[in-house]
Amino acid sequence: MNQPETPRAALGTAGGGDGAQPPHSADGPPSASAADAPDQKPRGIERLGIPRPLVWGFVGVLIYMIGDGVEISYLTDYLQQPDGGGLAGGQASFATVTAYGIAVMVASWFSGTLSAIWGPRRVMWLGAAWWVGFEIVFLFFAVPSQSLGFIALIYGIRGFAYPLFAFAFLVWAQTTSPERMRGSVAGWFWFAFTGGLPTLGAGVAALAIGPLGMSLRDTLVLSLVLVAIGGAIGSFAVREPQGLLPIADASVTEPRSYRRLLEGVDILWRDKRTLAGGLVRIVNTAPQYGFFAMFPFTFGTAGDNDGFLSLAQISTLTAITYGANIAANLFFGVFGDYFGWRRTVTVFGCLGCAVATPLWYFVSLASESFTVTVVLGCLYGVLLAGFVPLSALMPSMVRHKDKGASLAVLNFGAGGAAFVGPFLVTVCYPFIGGGGVAIVFGALYLAVALLSTRLKDPSDPGERRRAADNSGAAVGSTA
């Protein structure tokens, strides 16, 4: 809902790359080549699309993101309570949305560029320690102070943590997995990520506050414990050796130089396919965030609107839509390894969502039926998972040394979507209403469908199969 090998000289124009690159066989570490050997069939858990050395990383990300998601449904309310943060409503929203969102965007980019320099495992260590450390300060010092400046500062700083942990693992997984499994790996990553935030995280909060009778503050302490457990598993239980190494090849003379941070910027014009992929990633989930910011005022009764859904029904709609997306993430990850990464993104992600987005909005309003709204929301959630193979395609389009930079752009797009979606609603809704916003969202999906046709690379299973079919046809016609 809703996640970056070598551009080839032959793709310099067709794929948008800006020059010839070394051949694919020279682009990755030796173990990657070995892992891609055609006679090496997956065994055990690898048949499910999870590389054996990385299993505990997915478990760690899931538990970590459950802990991070515990607060999502009630933190703003807690910060307004007299025994909580004691803030006004607007102040609480600023602390939990604006400051936090900016930090997430910045950290999403650093998760890729720092992984290229330090190795992704060290970045995960930083993300785990950062969350735990600043959450302690937030809970036991900032919130009791009831100071807007202190609360917003510490919570905003804590916002750097989860992208460093989770997205660094995505970098680790995509740079060490065999090409044949990268779509599946992307599916499992987004399954773990969105399964924790917001789905199971909100579920744990509901269980803790409801049947277990825990206070809001104690529930936040529980989230701290869960993040610490997930962070420890992800940081120390994964035994894949390349996680401690810089992402570099023989052309990089100083792989640990901080000048390599610029690779996450100049790759945008060195290989314009990466820029295109980043824009596709922003549009991927921007309408999702925008819709759920807008629905209380269009489908619901917020702001004296005469809507047909209660706030409880909108919350249920959100949960069910996310649930459908989580299940589809796994399907489209595996499906993309067969159908093709780029084709899956274009057909199911871009074009599918271009249809599902206005369909969801207009048919729901016309029917004023909660059931119809949920069914169409599930359709949108499922098609949104069509973008999952983008997390496999983007790092596979570039040289090994640029994989961290490419994933930095992808991750920045993921963080940026949470800002762009609500921003478009804020700007457009007063002038064109909810229907106009839905049409704008559909048009954006059509625009990136066209843009996604530039994301071609021979490592894509779809391109590889097409090349094999063309070769077979040429041989047949010659015979």
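What comes next is a walk through the structure. These numbers were taken from a predicted model, which means no experiment stands behind them.

Conventions used here
- Residues numbered from 1 in each chain as written.
- Predicted model: local features only at pLDDT ≥ 70, side-chain atom pairs only at ≥ 80, totals over all residues.
- Heavy atoms only, no water.
- Helix = DSSP H or I, 4+ residues; strand = E, 2+ residues; numbered from the N terminus.
- Buried < 20%, exposed > 50% of the residue type's maximum accessible area, 1.4 Å probe, protein only.
- Areas by Shrake-Rupley, 256 points an atom, 1.4 Å probe, with all protein chains shown as cover.
- Expected span 1.5 Å × (residues − 1).
- Disulfide = S-S within 2.5 Å.
- Polar contact = N/O pair within 3.5 Å; in protein donor to acceptor, adjacent residues only side chain to side chain.
- Contact = heavy atoms within 4.5 Å.
- Patch = residues over 30% accessible without salt bridge, like charges linked within 9 Å, V, L, I, M, F, W, Y side chains within 5 Å.
- Salt bridge = Lys/Arg side-chain N within 4 Å of Asp/Glu carboxyl O.
- Phe/Tyr/Trp six-rings, centres within 6.5 Å; stacked < 30°, edge-to-face > 60°.
- Lys NZ or Arg CZ within 6 Å of the ring centre and 35° of its normal.

Considerations on the overall build of the protein chain
And step 1. Each helix and strand counted, the protein chain has 17 helices and zero strands in total.
And step 2. Out of the 479 residues in the protein chain, the part that is buried amounts to 54%.
And step 3. Counting only carbon and sulfur atoms, one obtains 70% of the accessible surface of the protein chain, whose full area is about 18500 Å².

Considering helix 7 (residues 161-176)
And step 1. Between its first and last C-alpha, helix 7 extends 23 Å over 16 residues, near the 22 Å set by a 1.5 Å rise per residue.
And step 2. In terms of burial, helix 7 is largely enclosed, as 16 of its 16 residues are buried.

Some details on the state of the cysteines
And step 1. One pass over the structure, following the stated rule, counts zero disulfides.
And step 2. Cysteine Cys353 is unpaired, with the sulfur of Cys350 as its nearest cysteine sulfur at 7.9 Å.

Comments concerning the side chain of Thr357
And step 1. Along the chain, Thr357 falls in helix 13 (residues 341-367).
And step 2. One polar contact links the side chain of Thr357 to the main-chain carbonyl oxygen of Cys353, over a distance of 2.6 Å.
And step 3. Leaving out residues up to four positions away in the same chain, Thr357 has contacts with Phe291, Tyr380, Ala438, Phe441, Gly442 and Tyr445.

A look at a nonpolar patch on the surface
And step 1. A surface patch of nonpolar side chains, amounting to about 350 Å² of accessible area, comprises Ile136, Phe140, Phe141 and Phe150.
And step 2. For the nonpolar patch, the element with the most residues is helix 5 (residues 120-145), which contributes three residues.
And step 3. Looking at where Phe141 falls in the secondary structure, it is placed in helix 5.

A look at the packing of aromatic side chains
And step 1. What the rule picks out here adds up to 40 aromatic pairs.
And step 2. Consider the rings of Phe291 and Trp360, whose centres lie 5.4 Å apart with planes at 75°: the pair is edge-to-face. Of this pair, Phe291 sits in helix 11 (residues 272-298) while Trp360 sits in helix 13, and the two are 69 residues apart along the sequence. Here Phe291 matches Trp360 in class, with each residue buried.
And step 3. Cluster of aromatic residues (ring-pair linked, three or more members): Phe291, Phe292, Phe295, Phe299, Phe308, Tyr322, Trp360, Tyr361, Phe362, Tyr380 and Phe441.
And step 4. If you follow Arg343 out to its NZ or CZ, it ends over the ring of Phe339, 3.9 Å from the centre.

A word on the environment of Tyr322
And step 1. The topology assignment puts Tyr322 in helix 12 (residues 311-339).
And step 2. Distance from Tyr322 to Thr194, taken between C-alpha atoms, is 7.8 Å for residues 128 residues apart in sequence.

Points about the pattern of salt bridges
And step 1. In this structure the tally under the stated criterion is twelve salt bridges.
And step 2. Here Glu179 makes a salt bridge to Arg464, at a shortest N to O gap of 3.3 Å. Of this pair, Glu179 sits in the loop between helix 7 and helix 8 (182-209) while Arg464 sits in helix 17 (residues 461-478); the two residues are 285 residues apart in sequence, bridging distant segments of the chain.
And step 3. Using a relative accessible area of 7% as the deciding quantity, one classes Glu179 as buried.
And step 4. For Arg464, a relative accessible area of 37% translates into the label partly exposed.

None of this, on its own, says anything about what the molecule does.
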